[in-house]
Amino acid sequence: MPRQLAPLQFAHQASPSNPAAGVTSVFAKTGDVLFLRTSAGVERPLEPGLLFPFSRSGTLTVSTGTFRLYNDSGATLTIKAVRASVGTAPTGAAVVVDVKINGTTIFASAPARPTIAVSTNTAKVTTFATGTISDGSYFTIDITQVGSTAAGADLTVQILC
């Protein structure tokens with residue numbers, strides 16, 4: 001029979017001192033969020049990340065997304081970033097994608113959407129009008145614009161929550 005370990009418990013600390021060189025400390029702040037702190041004083045939240053990946057192979061065309069990726073995590077997730085990338089860069093015009101939750105865009109306006117500029121391969125967006133996805137809701141991806149000379153090809157869209 002496996003031995004059970006006692007659970008780890010962390011008292012809330014506003015700002016602990018830096019650990020010794022070569023050591024990283026873990027501590028809790030108000031709100032029950034765990035943080036890491038390095039010997040240099042760099043502090044960041046210790047959060048698991050979920051990645052929702054979409055891909056479309058081949059030459060891109062303007063299209064409405066029909067493939068659904070559901071949030072079955074059991075929790076409402078915060079959207080941290082959306083990255084769109086292509087294997088073949090567009091020319092003549094940018095590639096623009098839209099991310100939707102249950103059919104509604106997460107962006108405040110069309111210019112806020114991930115836009116892969118001419119002759120580049122990627123774009124990342126971190127600002128959203130709708131910044132969360134509830135349990136049981138789903139993402140879809142629309143391609144709203146492609147390159148006018150060369151459309152671009154082999155699209156991947158990653159939604160980090």
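Preceding block: the structure.
Rules behind the numbers
- Residues numbered from 1 in each chain as written.
- Predicted model: local features only at pLDDT ≥ 70, side-chain atom pairs only at ≥ 80, totals over all residues.
- Heavy atoms only, no water.
- Pairing = 2+ DSSP bridges.
- Helix = DSSP H or I, 4+ residues; strand = E, 2+ residues; numbered from the N terminus.
- Axes fitted to C-alpha atoms, helices over the stretch in contact; angles between N-to-C directions.
- Core = buried A, V, L, I, M, F, W, Y, C linked by side-chain atoms within 4.5 Å.
- Buried < 20%, exposed > 50% of the residue type's maximum accessible area, 1.4 Å probe, protein only.
- Contact = heavy atoms within 4.5 Å.
- Phe/Tyr/Trp six-rings, centres within 6.5 Å; stacked < 30°, edge-to-face > 60°.

Brief notes about the sheet that holds strand 3 (residues 43–45)
In step 1: Pairing in this open sheet of 3 strands is antiparallel, and the strands run 1-2-3 from one edge to the other. The strands lining the two open edges of the sheet, one partner per strand, are strand 1 (24–29) and strand 3. Geometrically, the sheet is characterised by an average inter-axis angle of 30° between neighbouring strands, direction not taken into account.
In step 2: Of the strand pairs in this sheet, strand 2 (residues 33–38) and strand 3 are connected by 3 bridges, and their pairing is antiparallel. Opposite arginine 37, over in strand 3, you have glutamate 43 as the bridge partner.

Brief notes about the sheet that holds strand 14 (residues 153–160)
In step 1: Strands sit in the order 4-14-7-11 across an open sheet of 4 strands; the sheet is antiparallel. Edge positions in the sheet fall to strand 4 (51–59) and strand 11 (122–125), since each has one partner strand and no second. The mean inter-strand angle of the sheet, taken between neighbouring strand axes irrespective of direction, is 10°.
In step 2: Two strands pair when backbone bridges link them, and strand 7 (residues 81–88) and strand 11 are joined in this way by 4 bridges, in the antiparallel orientation.

Digging into the nonpolar core
In step 1: Membership of the largest hydrophobic core comes to 28 residues, with the highest contact counts inside it found for Ile79, Val99, Phe139, Leu155, Val157 and Ile159.
In step 2: Secondary structure elements with two or more residues in this core: strand 4, strand 7, strand 8 (95–101), strand 11, strand 13 (138–145) and strand 14.
In step 3: Ranked by residues supplied to this core, first place goes to strand 8 with 4 residues.
In step 4: Setting aside anything within four residues of it in sequence, one finds isoleucine 79 in contact with Ile101, Ile106, Phe128, Thr130, Gly131, Thr132, Phe139, Ile159, Leu160 and Cys161.

Observations concerning the packing of aromatic side chains
In step 1: In the structure shown here, the tally under the stated rule is 4 aromatic pairs.
In step 2: Residues phenylalanine 52 and phenylalanine 139 carry aromatic rings whose centres are separated by 5.1 Å and whose planes lie at 65° to one another, so their mutual orientation is edge-to-face. Taken as a pair, phenylalanine 52 in strand 4 and phenylalanine 139 in strand 13 lie far apart in primary sequence, 87 residues in all.
In step 3: Of the residues examined, phenylalanine 52 reaches a relative accessible area of 9% and is grouped as buried.
In step 4: Taking relative accessible area as the criterion, phenylalanine 139 reaches 0% and is therefore assigned buried.
In step 5: Between phenylalanine 107 and phenylalanine 128, the ring centres sit 5.9 Å apart and the planes meet at 45°, which makes this aromatic pair tilted. Of the two residues, phenylalanine 107 sits in the loop between strand 9 (104–105) and strand 10 (115–116) while phenylalanine 128 sits in the loop between strand 11 and strand 12 (132–133), which places them 21 residues apart along the sequence. Residues phenylalanine 107 and phenylalanine 128 agree in their burial class; the two are buried.

A closer look at the pairing of strand 7
Looking along a regular strand, one sees the side chains alternate between the two faces of the sheet.
In step 1: In the sheet, strand 7 pairs with strand 14 via 7 bridges, with the strands oriented antiparallel. Paired with threonine 88 across the strands is alanine 153, a residue of strand 14.

Let's talk about unusual backbone geometry
In step 1: Even without glycine at this site, asparagine 102 takes up a positive phi of about 50°.
In step 2: Checked against the element boundaries, asparagine 102 lands in the loop between strand 8 and strand 9.
In step 3: By relative accessible area, asparagine 102 is classed as partly exposed at 38%.

Examining the environment of leucine 34
In step 1: For leucine 34, the position within the fold is in strand 2.
In step 2: Residues leucine 34 and glutamate 47, 13 residues apart in the sequence, show an inter-C-alpha distance of 7.6 Å.
In step 3: Once you skip the residues sitting within four places of it in the chain, leucine 34 turns out to touch Phe10, Val26, Phe27, Ala28, Pro45 and Leu46.

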